[in-house]
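Secondary and tertiary structure notes
The primary structure of each chain is shown beneath.
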Amino acid sequence: MAKDKKMNIESGSMPRPAAGDLGSTGALGGQRQGGTMPASGASTAAIAHGAPVDAPAPKKRALRTAALVIGLVLAAVAVWLCVWLFACNGSALFDANAQDGQAPYKTQEEIQAELDRVVEEGMFNISIASIIQFDDGTSPGTAYIENVPGNRYLMKVTITSDDTGDVLYESGVLKPNQFIEQIVLTQDLEAGSYPATATFSALDETTYDEVGQAAAKITIDVLG
């Protein structure tokens with residue numbers, strides 16, 4: 001099996017509703033009533049129009065309160081939606097084939113030694129079989145891809161052909177102290193031996209951003 005390798009990771013209001021014009025226009029006309037009036041005494045009085053009148057103060061306060069409540073509700077819904085989408089997308093990133101613990105080929109002493117190991121900040125240990133054997137191009141092969149317990153980062157792995165650059169396998173995300181035992185190739189390769197590179201990408205546990213990479217040379221053996 002391939003020995004663990006260390007990697008130095010380089011860090012890398014709502015608009016306020018416009019108040020409607022509440023002003024109005026009105027006219028009062030003097031009208032001659034019954035009876036006799038002096039010829040020179042007939043007269044009319046009129047108010048041609050009134051000035052616009054602002055909404056009463058209680059109505060203004062009600063409008064402001066309603067706008068504030070609506071704004072708070074919309075903000076709360078937006079935050080909840082962002083959290084929900086992030087959680088859903090995050091959970092979909094994790095590999096469905098990942099198992100908790102360490103690869104079963106290890107002895108109890110090796111398992112304990114790995115549990116006791118302290119990986120320094122900025123370091124990342126990788127582990128994968130140096131030769132992955134497949135009965136044919138569509139059969140599963142044992143790879144023992146591990147994210148060892150001491151790692152401080154999430155991890156995903158991509159295996160590419162050294163000859164063509166094609167992606168032969170890509171994992172989902174692994175948490176520390178998880179492993180993938182068997183993998184299936186993305187291509188139905190013919191029988192033969194294929195040099196390949198397994199690239200381990202370290203991901204931040206909160207943002208899932210890539211913070212570094214390490215690679216290991218491996219061989220893909222297809223028997224038939």
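Residues numbered from 1 in each chain as written. Predicted model: local features only at pLDDT ≥ 70, side-chain atom pairs only at ≥ 80, totals over all residues. Heavy atoms only, no water.

A short note on the sheet that holds strand 6 (residues 154-161)
Where we set the bar: Any two strands with at least two DSSP-identified bridges between them are counted as paired. Numbering of helices and strands starts at the N terminus; helices are DSSP runs of H or I of at least 4 residues and strands are runs of E of at least 2. In this analysis, axes come from line fits to C-alpha atoms, helices being fitted only over the stretch in contact, and the angle between any two N-to-C directions falls in the range 0 to 180 degrees.
If you trace the five strands from one edge of the open sheet to the other, you get 4-10-9-6-7, paired in mixed fashion. With partners counted over all chains shown, the strands left at the sheet margins are strand 4 (131-134) and strand 7 (167-170), one partner each. Direction aside, the axes of adjacent strands within the sheet are offset by 30 degrees on average. Where strand 4 meets strand 10 (residues 210-222), four bridges bridge the pair, whose relative direction is parallel. When the sheet's bridge partners are listed, I132 is paired in strand 10 with I220.

Examining the side chain of E146
Selection criterion: Each residue gets one of three labels from its accessible area relative to the maximum for its type: buried under 20%, exposed over 50%, partly exposed in between, using a 1.4 Å probe on protein chains only. Two N or O atoms form a polar contact when they lie within 3.5 Å of each other; inside protein one atom must be a possible hydrogen donor and the other a possible acceptor, and for residues adjacent in sequence the pair counts only when both atoms belong to side chains. In this analysis, two residues are considered to be in contact whenever any of their non-hydrogen atoms come within 4.5 Å of each other.
When you line up the elements, E146 lands in strand 5 (residues 141-147). You can call E146 buried: its relative accessible area is 1%. A polar contact of 3.3 Å, which involves the side chain of E146, links it to the backbone nitrogen of A103. There is a polar contact of 3.1 Å between the side chain of E146 and the side chain of K106. Not counting residues within four places of it along the chain, the set of residues in contact with E146 comprises Q102, A103, Y105, K106, S127, M155, Q178, F179 and F200.

Considering the confidence of the model for the chain
To keep things clear, this is the line we draw: Known as pLDDT, the predictor's per-residue confidence is scaled from 0 to 100.
Across the chain, pLDDT averages 77, with 68% of residues at or above 70. Here residues 1-51 is modelled with pLDDT under 50, and outside its nearest four sequence neighbours on either side it reaches 66 contacts, counting other chains as well. Note that residues 83-89 has pLDDT below 50 and, in this model, two contacts with residues that lie over four places away or in other chains.

Regarding the nonpolar core
In plain terms, the rule: The term nonpolar core refers to a set of buried residues drawn from Ala, Val, Leu, Ile, Met, Phe, Trp, Tyr and Cys, joined through side-chain atoms within 4.5 Å.
Ranked by size, the top nonpolar core spans 31 residues in total, and within it I128, I132, I145, I159, I183, F200 and I220 carry the most contacts. Residue assignment for this core shows that the elements contributing at least two residues are strand 3 (123-126), strand 4, strand 5, strand 6, strand 7, strand 8 (178-183), strand 9 (192-203) and strand 10. Ranked by the residues each element gives to this core, the list is headed by strand 10, at six residues. I159 has contacts with I128, I132, D166, V167, L168, Y169, I183, A196, T197, A198, I218 and I220, leaving out every residue within four places of it along the chain.

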